[in-house]
Amino acid sequence: MNQVRIIGGLWKRRLIAFQSINGLRPTPDRVRETLFNWLMWDISGKNVLDVCAGSGALGIEALSRGAAHCILIEADRKQAEHIKSSLTQLQCTTAAVICAKAEQALPQLTNKFDLVFLDPPYSLNLWASLSEEIDYLLNEGAKIYVEADQPLPQLKLPARWKLIKETRAGQVYAGLFEV
């Protein structure tokens, strides 16, 4: 069993367990720290969507830092159960875990979101298709974090998503977009 540490907020230093699944790679600590520094004033009270939750670290970190609610979508049944277990251990009642492929779950959502984490398994190359589905679920001014293994302009994201911050750590390209 692998673990990732929450960096800040209510559950700072708490560990979340996750499965060893092919393609599951939690956002590196350095990148997560940069991301949440960017979002410092944009989390409290917000509705969050973690599209390909994986370990759940991004969604749970947002909740730890004051997000009002988070929906985490995870396709792997065992990993979805680990996320639910982590949320239970943290006594979090403001999150929901959907066990389904993101392509199936997104069209079913009716909520509008202020913050979205889009970090799909790199090998599936889902950025363009998932971003189209997500685009309809965004509130005006929403922020979208995108992580990829290729330069962000190559991902074919919606034109109305404006890149406001970006970083790179090794093979990880990360950017924060705003609607």
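See above for the structure.
Now for a look at the structure at hand. Predicted model only: the values in this text are computed from it and were never measured.

Definitions and cut-offs
- Residues numbered from 1 in each chain as written.
- Predicted model: local features only at pLDDT ≥ 70, side-chain atom pairs only at ≥ 80, totals over all residues.
- Heavy atoms only, no water.
- Pairing = 2+ DSSP bridges.
- Helix = DSSP H or I, 4+ residues; strand = E, 2+ residues; numbered from the N terminus.
- Right-handed = clockwise from strand over helix to strand, strands pointing away.
- Axes fitted to C-alpha atoms, helices over the stretch in contact; angles between N-to-C directions.
- Contact = heavy atoms within 4.5 Å.

1. Here we look at the pairing of strand E3 (residues 47–50)
Then comes step 1: Two strands pair when backbone bridges link them, and E3 and strand E4 (residues 69–74) are joined in this way by four bridges, in the parallel orientation. Considered in E4, the bridge of leucine 49 is made with isoleucine 71.
Then comes step 2: In this view, the connection linking E3 to its parallel neighbour E4 by way of helix H2 (residues 57–64) has right-handed handedness.
Then comes step 3: The pairing of E3 with strand E6 (residues 113–118) spans three bridges and is classified as parallel. Bridge pairing in E6 links aspartate 50 to phenylalanine 117.

2. Here we look at the sheet that holds strand E7 (residues 138–148)
Then comes step 1: Pairing within the open sheet is mixed, and its seven strands lie in the order E5-E4-E3-E6-E7-E9-E8. Each edge of the sheet is formed by a strand with only one pairing partner; in this case those strands are strand E5 (95–99) and strand E8 (162–169). Averaged over all pairs of adjacent strands, the angle between strand axes in this sheet comes to 15°, irrespective of strand direction.
Then comes step 2: Each of E6, E7, E8 and strand E9 (172–178) is contacted by helix H1 (residues 29–38), which is oriented at about 155° to E8, the strand it contacts most.
Then comes step 3: Lying on the sheet, helix H3 (residues 77–89) is in contact with E4 and E5; it crosses E5 at an angle near 170°.

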